[in-house]
Every structure is written in structure tokens, then in C-alpha cells.
Amino acid sequence: MARVKFLCDADRCIECNACVTACKNEHDVPWGINRRRVVTINDGKPGERSVSMACMHCTDAPCAAVCPVSCFYTTADAVVLHSKDLCIGCGYCFYACPFGAPQYPKVGNFGSRGKMDKCTYCAGGPEADLTSAEYVKYGSNRLAEGKLPICAEMCSTKSLLAGDGDIIASIYKERVMKRGYGSGAWGWKTAYKETIAS
Amino acid sequence: MTKSPETMPSGAAATEKPAAGLDRRGFFRVGGAAAVVAAAAVVPATEDAQASETASERTKARYRETEHVKNFYRVNRY
Amino acid sequence: MLTKRRDATSGRARLQGFAAGLASGVLDRRSFLRRSGLAAGGAAALGTLSLGSVRKAKAGPMQPGVAVEIKKNICTHCSVGCTVIAEVQNGVWVGQEPAWDSPINRGSHCAKGASVRELVHGDRRLKYPMKLVNGEWTRIGWDQAISEIGDKMTEIRQKSGADSVYLLGSAKFSNEGAYLFRKFAAFWGTNSVDHQARICHSTTVAGVANTWGYGAQTNSYNDIRNSKTIIFMGSNAAEAHPVSLQHVLTGKETNRANMIVLDPRFTRTAAHATEYVRFRSGTDIAVIWGMLHHIFANGWEDKTFIEQRVYGMDQIKAEVAKWTPAEVERVSGIPGEQLKKVAETFAKQRPSTFIWCMGGTQHTVGTANVRAYCNLLLATGNVGVFGGGANIFRGHCNVQGATDLGLDITTLPLYYGLVEGAWKHWARVWEVDYEYFQSRFDEVPAKGGRPARTRKENMETPGIPSTRWFDATLSDPEDVDQRDALKAMVIFGHGGNTVPRMPEMVKGLEKLELLVVADPHPTTFAAISGRKNGTYLLPICTQFETSGSRSASNRSIQWGEQVVKPIFESKDDYEVIYRLSEKLGFAEQMFKNIKVENKRPVPEDLLREINRGGFSTGYSGQSPERLKAHMRNQDKFDLVTLRAKADVAEVGGDYYGLPWPCWGTPAIKHPGTHTLYNTNLHVKDGGGTFRARFGVVYAEKQPDGTSKNVNLLAEGSYSLGSELTDGYPEFTYGVLKKLGWDKDLTEAEVATITKIGGANPDAVGWAIDLSGGIIRVALDHGCIPFGNGKARAVAWNLPDPVPVHREPIYSSRPELVGQYPTRPDGRQFRMANIGLSVQKAAVDKGFAKSFPIILTSGRLVEYEGGGEETRSNRWLAELQQDMFVEVNPADAAERGIADGSFVWVTGPENNSKARVKALVTDRVGRGVAFMPFHFAGAFQGVDQRGNYPKGTDPIVLGESVNTITTYGYDPVTGMHEGKVTLCQIRAA
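Below you will find a few notes about this structure. (Residues numbered from 1 in each chain as written. Chains lettered and ligands numbered in written order. Predicted model: local features only at pLDDT ≥ 70, side-chain atom pairs only at ≥ 80, totals over all residues.)

What follows concerns the overall build of chain A. Scanning chain A from N- to C-terminus turns up seven helices and six strands. Secondary structure elements in chain A, listed N-terminal to C-terminal, are β-α-β-β-α-β-β-α-α-α-β-α-α. Of all 198 residues assigned to chain A, the portion counted as buried reaches 58%. The contacts of chain A with a sequence gap of at least 6 include a subset with a gap of at least 24, amounting to 51%. (Helix = DSSP H or I, 4+ residues; strand = E, 2+ residues; numbered from the N terminus. Buried ≥ 20, exposed ≤ 12 C-beta atoms within 10 Å, placed from the backbone. Contact = placed C-beta atoms within 7 Å.)

Our next topic: the overall build of chain B. Helix and strand content of chain B: three helices and zero strands. Across chain B, helices and strands are ordered from the amino to the carboxyl terminus as α-α-α. Counting across all 78 residues of chain B, residues that qualify as buried make up 10%.

Here the residue pair C:Arg350 and C:Pro351 is connected by a cis peptide bond, since its omega of 0 degrees sits within 30 degrees of zero. Residue position: C:Pro351 is located in the loop between helix H13 (336–348) and strand S12 (352–356). In this structure, C:Pro661 follows C:Trp660 across a cis peptide bond, with omega equal to 0 degrees. Phi is positive for A:Leu130, which is not a glycine, with a value near 60 degrees. Position of A:Leu130 among the secondary structure elements: in the loop between helix H3 (92–96) and helix H4 (132–138). Unlike most non-glycine residues, C:Arg106 shows phi in positive territory, near 50 degrees. For C:Arg106, the position within the fold is in the loop between strand S3 (92–97) and helix H3 (117–121).

Turning next to the pairing of strand S4 (residues 130–133) of chain C. Residues and elements named next belong to chain C. Where S4 meets strand S5 (residues 136–139), four bridges bridge the pair, whose relative direction is antiparallel. Residue valine 133 lies in a different strand from S5, and its bridge partner there is glutamate 136. Count of turn residues in the S4/S5 antiparallel hairpin: two residues, of which asparagine 134 carries a positive phi of about 50 degrees. As defined by bridge partners, S4 adjoins strand S16 (residues 535–539) across two bridges and the pair is classed as antiparallel. Looking at the pairing, lysine 131 lines up with tyrosine 536 of S16. (Pairing = 2+ DSSP bridges.)

Moving on: the sheet that holds strand S26 (residues 853–858) of chain C. All names here are of chain C. Taken together, six strands build a closed barrel; the order of strands is S26-S30-S27-S29-S28-S34 and the barrel is mixed. Taken pair by pair, the neighbouring strands of this sheet meet at an average axis angle of 45 degrees, ignoring direction. For S26 and strand S30 (residues 928–932), the ladder comprises five bridges, and the chain directions are parallel. Bridge pairing in S30 places glycine 858 opposite proline 932. (Axes fitted to C-alpha atoms, helices over the stretch in contact; angles between N-to-C directions.)

Judged by nonpolar contacts, the single largest core of 337 residues is most densely connected at C:Phe181, C:Met291, C:Tyr373, C:Met489, C:Val516, C:Val885 and C:Ala929. Ignoring anything within four residues of it in the chain, the contact list for C:Val516 reads C:Ile149, C:Met489, C:Val490, C:Ile491, C:Tyr536 and C:Leu538. (Core = buried A, V, L, I, M, F, W, Y, C linked by C-beta atoms within 7 Å.)

Now for the sheet that holds strand S10 (residues 275–277) of chain C. Residue and element names in this part refer to chain C. Spatially, five strands are ordered S10-S9-S8-S12-S13 in an open sheet, and the strand pairing comes out parallel. Edge strands, defined here as strands with exactly one partner in the open sheet, are S10 and strand S13 (389–390). Bridge count for strand S8 (residues 229–233) against S12 is five bridges, and the pairing is parallel. Across the sheet, methionine 233 pairs through a bridge with tryptophan 356, a residue of S12.

This next bit is on the packing of helix H9 (residues 284–297) of chain C against helix H15 (residues 366–379) of chain C. Residue and element names in this part refer to chain C. In the contact formed by H9 and H15, the axes pass within 9 Å of each other and the chain directions differ by 15 degrees. In this view, H9 runs roughly parallel relative to H15, as classed from their interaxial angle. Where H9 crosses over H15, the handedness of that crossing is left-handed. Here H9 contributes Asp284, Ile285, Ile288, Trp289, Met291, Leu292 and Ile295 to the contact with H15, which in turn contributes Ala368, Asn369, Ala372, Tyr373, Leu376 and Ala379. (Parallel < 35°, antiparallel > 145°, perpendicular 65-115°, else oblique. Left-handed = near helix turned anticlockwise from the far one by under 90°.)

Residue and element names in this part refer to chain C. Turning to its location among the elements, alanine 848 is positioned in helix H32 (residues 847–850). The spacing of alanine 848 and threonine 981 is 133 residues in sequence and 9.9 Å in space, taken between C-alpha atoms. Alanine 848 has contacts with Ser811, Ser812, Pro814 and Leu982, leaving out every residue within four places of it along the chain.

Right, dumping it as C-alpha cells:
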């Protein structure tokens, strides 16, 4: 059974934000919620690196662990989804997530932030596949259509990989070998005096 | 976020005694389920409200290696 | 962790919206509960979004069970030319899918391309024609708009002349639209017709064409996958051409290629480089000569290539000898050893390609800059080879096509120029008398001691560049070499905030008698001035709402299908130009060979007319049928060679998009030319030579005053399979006769040639032979029609035949101005160019001290051009909500400026000022600041949101960098100096 993952090849990410707007376009995500964002470290300095971040669909998802109403579930594809009907907007999943994936449509006062929204791996939610009801709440369900997340499909430099974890791992491995250096593995520059771009 | 006894999340203020009238905890006990149901009903359904998936339907695998997916892998390789 | 550019305003916006709904302004529990829908009773009056549903359910998303049509079009943003796949249901654009098959983008987009669906949803687009009446925007109908505009244009024509109306066209036109607009200008009777190339790559086109024949990208984005060394100089492709990086980075990985970025700013492109070189803005020539200094000193140049295919390298060597490492470092700031390493890598680790963009072109020495880049490529033998070449990244989606089709003050379509032969050629193609066109032009009286011009002379005189239209409006008419001052601007698809000296531009706008803005959005032109009347807004649809072809930067031509019909009352460019020409009385002649349906010219017919006349540039073979076949068969083209296998149906053997030159008529099925000037290929496989454009011999002046005839034809170099194994001139009927190849012409072809030639058929050249026969025969003998000449390292017809370094007008190093002054004051394009006086005044007034920071400008990935369209796209606008200035930490500390705080940026002209946020970053070096040019809607501290017609103000507004930028024009093209001026910054 294929377990699907995201892998952002930080050597190629140029912070073009295609992944961000592709997601917005596909699911009509409103202003203020960004299911996917590009994070850049060392902005403007040598060593500047960008990586596209969204929900990582963790194997042992912290969000699911802390949810007081157990609205999360993991599919056989290893996608972590949740039910907006059950969600009470408590915000605990946001506190628990190391990636900041859960987002809320309202600024929380007195405990209600509205229904949590996050990247669904373009796999919809607990409404029936490919219905308007599913789209209105969760966005489109590309996985059910036999496609992959739109963010990865539209990445400008083929940096963001999505799909069967084994396959994208092998794609990435081929790249690492072709480049001839570790992807910033700690100590690489000391040992081999070779580095990634700056 | 200011905190006052009446505004704390219902789960936290377990020691509070319910005041007369419809306080928040009472509200949730009374209207809690209704609120959830009401919420669901208010969501504009553009079609017949299709039933949500059963537990096994939710978690079944959707990913499959279609031509589209193969194209994705192809353009990502060298 | 988040990049500094974005701040948390989105969170603030949410709060504002939330609290705004409270009557008391106080957050009390009851109102809170009411809003969150948990009020007693359960059923609350909710906004439909408040329960976290992702979107409102209305027309727009995919509807299950409804048939989906797939339409292919091309992204309307940059020149990479990414294919856009649109899913359409019931005439509504509901989704985008990746276009795996396109060899150019293979499904990829950048932030802009991934969000184009929103452009056609058009929340903030112009919906109907509008007219400014006493300061109020009033809705009017199309008929009334066209009628009033036509009447006013005619009135101005009668009072002041045709040249008093400026026709500013667009790089967003399709090829057919650009061609039609240029044709319109010819029928109107002016050469003041221009578009964004003026402010973008005008210096490139002039400089490169004057070096080796055509002024376009010689290779392609895909071909960079073959490169071993890639230099980016003044190009931030990671933000300006993101999808090009797909090819660049892959090539870098597979070839372990060197990626060297030279830029005053540590850009996102530099972040991926193997070597970054910081240098002072405006010193490109010093840097290139510095590189050549090492190359010649060490014998790293390609001597054979130079001997066979280049004229004048010795004169370059003489100039380069002055540029010792010490002098280069003094002027540009680059340490000697670093530049030597770069030079050695470029010369030795071949094939090497040189990529440049606005960083090189937007200078008073822009034309000289690009010629220096070309000379570096020529010296190292890196032109006409796979993986090499001048990979010039063009800007907008069809700036290449619009340039080719003649939206240029110096030429008619396809670079024929404005000479009598050019006009007669197009008169033949258009089947309209040459004398008619002559009659449409003004007679120009003598002014200020300068000679008068007859109608004929005027029709052969270039117009006014778009960078200086307001000078032609504001100056004393005696100083403007045309019948009268400029009185009207008719602007199609061009931003109002992308040209320097905006405070003066505003004055010019206010003085115009007529302003017409034809655009999907009102643009800065509509909002920035205090005009009260005489202004019309015409809603034009995007390229997604019409069909037509566009030329990507690599010269590939792609056909876009109409995705949806024009929204609201917008119309496409073809129809509006037709209606104007109908009103002005020349539609019948203008469209005699073009089918017009319901007042809309058919774009396929326009392309066919282009094919019939476009021999000079090889726009003759790309018929609508061939182009559409390419779009149907995108997956048949190889990723690196861009070629389809020979046995493939419909497109076998073609290069993707039939990149020009695609020689001869469509019938001979030339495959297009992927890499220009490539002698490794047969001409029928897209091979070629340098164009023999500058003559056969050159009478070179010698130091002793005598003249020596130098051979300008190639020596011992020729394309594969050429029957002529040495240099040869351009082909004419006479040349064919000399070779005995005229017997290969058909009777019909000879008849056409003799008809055109009249008394002198031998003089009929390949470019004006409407039969295409001369071209066909030359190709059959393995020869290229434009001859086999040498490239010129020295362009004797240009100011500074050998490029020399000249300080910018506003130089940060006044002590260098004496040694390297800008060119003397003179007159170009009908007006005075007083650059030297301005430079001298800047030194005398000590501006380098009072404005101690070098200000440069550039692009952001989220926005495009003037930004009115992209800042109206909510998905893009969210990502860049504030205009800003990048300030170095040391400069910021000195001025007490905190990151994210407001500052005033002031400039040395017009007491200009702009209030923007400071982004404190190491990207810019000490003494350098950067501002993006995409913003408008705030002007010198004043918000202008209210000036837009209701509902059309872009979501994000901001100050324009061109409020601060200053005087300075390249003498060859009128290009402005947007990349280097001076400013001061202080905390607000």
C-alpha cells in the first residue's frame, strides 16, 4: 500500500510561491489562510535556503493526539484529514503541530477560532468524494481523481515532490547522487569541502 | 486574550457553579448537540446533503498510479 | 523563520474585520456569541464563511457531473511562455491543471501562472467603458466612447497633426494585436508607436542586432541544460523568470555547471549560485573589460572563432588593455582575483552562456553594455553553439512578439525599418498605395535652426520613445521636432508607473487634451493625476478571453485558444482597434484582406498577413495551421533539443513553436531555428551564420588618415552542408543569377520578383521577395538568405563604436565622473538629451553627499510590470501587501531605522519623496537600496485609492519607485536609467 508524502528539495526551491497560489486557486482558500507557505532562512545572505511547508501528514500526528473531539483520521494513503463538523476550534492542534499547519478563519477570543483548516494533501475530507459539499468545506479531492497535490504538480523548479513516499524518495536520492553532495548534511562541507550553492 | 471566569473555555472552568438562567455550561449541555446539528444544517449545501462517509470509506486508499501521476514522476526525474 | 518580506498583517486584517462589525466597538460576549453562531437557539444569522467552510458556494468551482472542456492558452505574465491548461464548464473557467506536455514548462508555473484563473474572474476589472466628467467616473457605452475618442483624435489631428497623438501599445498584445496596432499607426500617420520593450530590452535589441544580425535570445531556456558555465549579470531569474530555473538548475546539476551571478544585490538567484560577485550598479562595461583583460592576457580567447567570424576584436583589445585589475576594482568594486577566476571559468569551461536582463539594459550605457556582453561571448567562441549564446530573458509574455511586429518608434513590422524600401514593402503586402501612407504624415516646419521635414522625410523619421512622451507634452513646442507638441495619449495595455520622473509625468498627463486607457484595469494613468475631463477608460479583455499567437523569449511562437468569452463588456484588442479605425475612416483599406466578423477581425487572417510580409525575420513560415498543430502535439518535442522526431505526424522534424527565423512560405515547412547562428547544423535543420548585415567590405579608417577595405564576410566558416564554403553576402535576385541558381526559381516566383523589381529586378532582395523564392532556392543550396558575415565587435554607426565605461548620470563616485563622463548633450528622437548637463549639475551640487545611497529597482516574483493586474489578484496580493525599500543594516542603524518601520525615500529631482516600509536586509550592500517597481496608488505620501473608479482599485497599493528615479537616456534607444540613481532615506 503506497504511503504518500511531501518532500521539498530545498536545493531547488526558489521561493516563487507557485505552490501557495496553486493551492489557493484549486481550493479557493480565503484571504488569511495559507495552507502552504514558503519558509526562508538566512534571507538575503549566503546560505539562503527556502523550503515549502504545509501539513506534513505525520505518521504519528501530534494534532490528532491532542484533539479533544478526535476529529482527525489518517487514511490508508497516510494522509491526515479532519472533520470540520466535529472541530470546535479550540486551537490545541495548532499548539501541538511543529509546522504550524492548522489555521483558523477567525482571530480567537474566548476559545473559538472557527473551524480549523489545513492542507488536505488535496484529498478532501469526510464528505463523499467529489461532491460540492466536500469542495465547499475542504476543497478539491485530487487524490480521488487519480492526481496528486496541485502544489507539487505546479512547482516551478520541480522542487516540491509529492506522491508515493518510496518513489519520491528514489527521485530525490537520484538528485543527491547526481549533484554529488549531501543536502546540507551536517559536516559535509568540512569532510568533503563541497557545498550546495553557497 | 482577557480572561474572566465567564469566558473561559467550558472544559476548563469545571469548578464553577452554574448561575441562574442560561449560563454557558448550561447552554452547552442543553444546546450543545443542537448547536452542532444547527451548524451542520447552516452550511450551505449546494446539492442534496450527501451523507458523510462511513468510517471505512473515509480511510480507504485513494492514491493510484494513473497516467497523470506517472507524468508527474516523469517530469521530476532527470 | 518566516521571510522578512511578509509580516503578520493578514492576522490583523482578520481582527479588523471582526471588530468592525461591533456597534459598540467593544467586544462583549453577546455580540461575540452572535457572530460565532453559538447564540441561544442554535440557528444564528451567520455570514456563510464563519463556520470555517472554505469558500462560498457560488459559480466558480468544479461542478460534479457537468462536462469539462479543456482549453490551452499561454500564461500572460512573463516571456518564458508556460502553457496554461484551463478547465471550463458552461463557459466558466473553473480550474487549472498542469500542462505536462509543454516542453517549456512541463506543468510548472510560478505564483503568477498558478493563479491566472483569477484574472478572468476579474473582481476588480474594468467592466464597461468609462469617461471622466468633471472629476467623476461615468459609465458610457462602447459606441459613444469610440465616437467621442475618434472625434477628439480627428480634432487634434487637424489642429496639431498626426504626430500629436501618441500610440502606446502593449507587450501583452498577441502577435496579431501588436501587428494590427502597428498597422493602425501607419494608417494614422505617426511613428510615435511604442511598447514596453522601450523600457526593458530596447538597448538589447539595438545593441545585439548591431553586433550580429538579430537582437533576440540566441538559444533558449531549454538549451541552458547543455551549458557548463552560466553567467547571470543583472538578471534575477529566480523572481523574474522562475520556470527558467527549472532548466537552469537541472542543467547545473547534470553538468556540474558553474552558475555565476554578478549583481549589486544578493538576489534569490545568487542564493543558488556557485559564485556570487557584488559590484557597483552601472559599471558593467568595466567589469566585462576586466574579464576580457584576463582572457586576452592569458590567451584564453577562441582565436579561430575570432579570425573566422568576428570583425574588430583588435580594437576591443586596445580598450580592454586600459582595464587593469586595479582600475576595475577601483571603478566596480570587484576584487581582482575573484574576477580573474570568473573570466577563466567562462573562457575555459565551455559551452558558456551569458544571461542578462534589466540590470544590464536599463542604463544610459545600456546599448554599450549589451555589446560588451556580446563581445565577451564572441571572444570566447560561445555564440552559435548548444549550451552557449546570449540567453536574453525578455520580460512580458509577448514583448518579443510585439517587438518583432514593430511596436517600435524606429521601424515597421519585422525590423524593416522606416526607409522608403520598408514602406514600399508593406504597401505591397497591405495592397495600399505607398503614396497614401505618405499623405497621412505631417509636414514638419523648421524649428530652432533645425531643418524642416517633408511628409516623406517625416515618415522615415523615428518617433518619440515612451520614456519621454511627457517631455514632448511639457516642452516648448519649438524644442520638439514635429509639427506640434504631444496632445493625446492612446494607451493600450501599458502601466503608468514604470517610467522614471513620475512627478513630471503627472504634469504631462494633466496637460493632455485626450487620455485613452484601454486595459483590463484602469492603471496608474487613470488614478494618479488631477485630470477632470477628456479621459476615457476602455475595458479590454485578457489574452485568455481571445485567441492569438504569442512569441516566447526563445522565439517559439505558441497559439492560445480562447478560454472564456470576454467578461462584462470588455472586448479584445482586435475589435477595439477595428472600431477605432472604422470611426477614423480607414477600416476598409486596413482590413481589405482580413476577415472581420461582427466588428472583430479574425486573428488567423492577421497571422496569415504577417506570414505574407514577414520574410525578413522568418515570421513567414508559422502559419496558424502549423502553430495549432504544435499545440496539439506538444508532447512530441524533445526537452533539450526542442525538436520532434522526423517521422512524427503533423509536426515531424519541427522545432517547438517554429522559433523564428522559420524561413520561407509555410509550404516549404522549414522547422524553425532553435539556436541562432549555429554553423553545426544545416540551414534546413535550423542552422545558420552571422548575418551579413553591415555590408561586404568596410572602409576602415587607419591611424594615418587613409582608408583600408576590410572584409566583413566570414572567412572559412560556413554552416553544415553549405554549397558556398566561405562568407557570402545577402541574397538578391542578382546574386542568384551570378551563382546560376536563378534557374531553380519557378516561373511564378520570377514573375513576382520582376513585378516588385520593376526596372531593376536584380536588386530585389530576399526580404522583399513576396514569393519566398529567393529564400527557398538559397536554402536548397544549404545557404542562409541573409548571408554569411562576421559579427561586429565594433559598431561604427553607434555612439561609442567600442563600448566605453561612462558613469551614470547620478553617480555615487563624483571623482570618477571627470574621467568617465556620460555622452555629450545632443538631440535624439526629436528632443534634446541633456544628460551631460544633468550629470555635471549633480556633481556641482554635491548630490553624492546629500543623496548618499545608490537606489536601484527591480522585480518581485508575485507581481508583474506596473502591477495593477497582479495587485488586483487576491491570491497574489496577499503575499506582498506592502511596498518597501531594502536597506542595508549598517545604513539603517545610522539612520535609526527599524525593520518594518516607515521611512521617507527622497530623490534629487522634483523634490521627490515616497513613504514606504523599510526592509532591513543584507541583500543590498552598504550604500545601496532597492525598491520594487510594481507598486502604485500612493503618491508622495498621499493615498490615491479614491481616484480609481469604484470597485476597480487594486487590493494592494503603494508608492512607486519611479517617483524617485531620475533623468538619463541611452542615446541609441531612449532607454531610461532605472537601475542606478541616488537617494536619501530617513525614518518617517
